[in-house]
Amino acid sequence: MSTPARRRLMRDFKRLQEDPPTGVSGAPTDNNIMIWNAVIFGPHDTPFEDGTFKLTIEFTEEYPNKPPTVRFVSKMFHPNVYADGGICLDILQNRWSPTYDVSAILTSIQSLLSDPNPNSPANAMAAQLYKENRREYEKRVKACVEQSFID
Amino acid sequence: MDEEDKISDSENQTKPEKMFTLKRWNSVAMWSWDCSTDTCAICRVQVMDACLRCQAESKKDATNKDVTCVVCWGECNHSFHHCCISLWVKQSNRCPLCQQEWSIQRLSS
């Protein structure tokens, strides 16, 4: 059945293919356009560089009036990523706008990797190390980068 | 005749000579439609076409003609399908593009 949300997601997919942003990719799963798999490549000049981080994006029929649920499948060590992979990002919660699409969501998460916000931590340890012991933070992130090649 | 020439010559000497004269003035006007975008940023369909919701429901009126999905301009000059923006403002009364408080400037088909 074609609903407005599904039709919008088809348009998102078309745009993502025609005008792909650098360092991110995403596609709907084979049998369900409401669930997408995505990959974000770790941005250059950050400890996430070279990582291939996998995510799932789950939409509801209320999309684009309601944001999707985005979750990292790859293990992450980041001040704004919860242990279960959930992401603490304003545009995915209270600052959501129905003008965002998959492309905008993925590029926003990519820039969150470069610029963590340690003041609203989802991972207290990562936030503390980011602020107080950058070397140890980078070491823990690099371990995730290497883990991301395997899973 | 000679006398008159002499007079005008002396008058010219007192006036400072003009550096240049404006011979022609071409003005150029730029125009554009009075809306900042031609695609509804919410459903990503051209504002002049029916929105995704109306296309899916393929609304028909009594005459069995497609009901026109009207365009709605906000005070901020951003335009969306009226259907799309009215669903959004139920949730948050801000323009989805500029976050200004949303108020309708005009509607058109």
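As shown above, the structure is provided for reference.
From a predicted model like this one, the values you see are computed outputs, not experimental measurements.

Chemist: Residues and numbers for the overall build of chain A, please.
Modeler: On a plain count of helices and strands, chain A comes out with four helices and four strands. For 151 residues, the compact-globule estimate of 2.2 N^0.38 gives 15 Å, and the C-alpha radius of gyration of chain A, at 16 Å, lies within 12% of that figure. Here chain A holds 151 residues, and the buried ones make up 48% of them. Surface summary for chain A: the accessible area is close to 7800 Å², and the carbon and sulfur share equals 49%. The positive charge centre, built from 17 side chains, and the negative charge centre, built from 19, are 3 Å apart in chain A.

Chemist: Report on the interface of chain A and chain B, specifying residues and quantitative values.
Modeler: The interface of chain A with chain B comprises 15 residues on the first partner and 16 residues on the second. Taken over both partners, the interface formed by chain A and chain B buries close to 1400 Å², and the fraction arising from carbon and sulfur atoms is 53%. Here D101 of chain A and R44 of chain B are joined by a salt bridge, their closest N and O atoms 3.9 Å apart. Residue composition of the side of chain A that touches chain B, grouped by class: five nonpolar, four polar and six charged.

Chemist: So what's going on with the pairing of strand β2 (residues 32–41) of chain A? Residues and values would help.
Modeler: Residue and element names in this part refer to chain A. Across six bridges, strand β1 (residues 24–29) lies against β2 in antiparallel orientation. Within β2, the residue paired with S25 across the bridge is V39. As consecutive antiparallel partners, β1 and β2 are separated by two residues. For β2 and strand β3 (residues 52–58), the ladder comprises seven bridges, and the chain directions are antiparallel. If you follow F41 over to β3, its bridge partner there is T52.

Chemist: Can you break down the side chain of S97 of chain A residue by residue, with the values?
Modeler: One can find S97 of chain A in the loop between β4 (69–72) and α2 (102–114). Within the structure, S97 of chain A has its side chain in polar contact with the side chain of T99 of chain A (distance 2.8 Å). Of the polar contacts made by the side chain of S97 of chain A, one reaches the backbone oxygen of P96 of chain B; its length is 2.8 Å. Filtering out sequence-adjacent residues up to four positions away, S97 of chain A remains in contact with W88, P96 and Q99 of chain B.

Chemist: For the pairing of β3 of chain A, give the residues involved together with the corresponding values.
Modeler: All names here are of chain A. Alternating positions in β3 separate cleanly, F53, L55 and I57 being buried on one face and T52, K54, T56 and E58 remaining unburied on the opposite face. Sheet analysis places β3 next to β4, joined by four bridges and oriented antiparallel. Note that in β4 the partner of E58 across the bridge is T69.

Chemist: Mind laying out helix α1 (residues 4–18) of chain A, listing which residues take part and the relevant values?
Modeler: Residues and elements named next belong to chain A. Counted at 1.5 Å a residue, the expected span for α1 with its 15 residues is 21 Å, and the 21 Å between its end C-alpha atoms agrees. For α1, the complete set of buried residues consists of P4, A5, R8, L9, D12 and L16. Angular distribution of buried residues about the axis of α1 spans 135°; they occupy a single face of the element. Across α1 from its buried face, at more than 90 degrees, point the exposed residues K14, Q17 and E18.

Chemist: Which residues make up helix α4 (residues 134–150) of chain A, and what are the values?
Modeler: Residues and elements named next belong to chain A. Along its 17 residues, α4 runs 25 Å from first to last C-alpha, staying within 8% of the 24 Å computed at 1.5 Å per residue. Burial in α4 covers these residues: Y137, V141, C144, V145 and S148. The arc enclosing the buried residues of α4, seen along the axis, measures out at 105°, which places them on a common side. Facing away from the buried surface of α4 by more than 90 degrees, the exposed residues are R135, K139, E146 and I150. Elements in contact with the buried residues of α4: β3 and α3 (124–132).

Scoring rules and cut-offs
Residues numbered from 1 in each chain as written. Chains lettered and ligands numbered in written order. Predicted model: local features only at pLDDT ≥ 70, side-chain atom pairs only at ≥ 80, totals over all residues. Heavy atoms only, no water. Helix = DSSP H or I, 4+ residues; strand = E, 2+ residues; numbered from the N terminus. Rg over C-alpha atoms; globule rule 2.2 N^0.38 Å. Buried < 20%, exposed > 50% of the residue type's maximum accessible area, 1.4 Å probe, protein only. Areas by Shrake-Rupley, 256 points an atom, 1.4 Å probe, with all protein chains shown as cover. Lys, Arg positive; Asp, Glu negative; His and termini not counted. Charge placed at Lys NZ, Arg CZ, Asp CG, Glu CD. Contact = heavy atoms within 4.5 Å. Buried area = accessible area lost by both parts, 1.4 Å probe. Salt bridge = Lys/Arg side-chain N within 4 Å of Asp/Glu carboxyl O. Nonpolar A, V, L, I, M, F, W, Y, C, P; charged D, E, K, R; others polar. Pairing = 2+ DSSP bridges. Polar contact = N/O pair within 3.5 Å; in protein donor to acceptor, adjacent residues only side chain to side chain. Expected span 1.5 Å × (residues − 1). Arc of directions from axis to C-beta.

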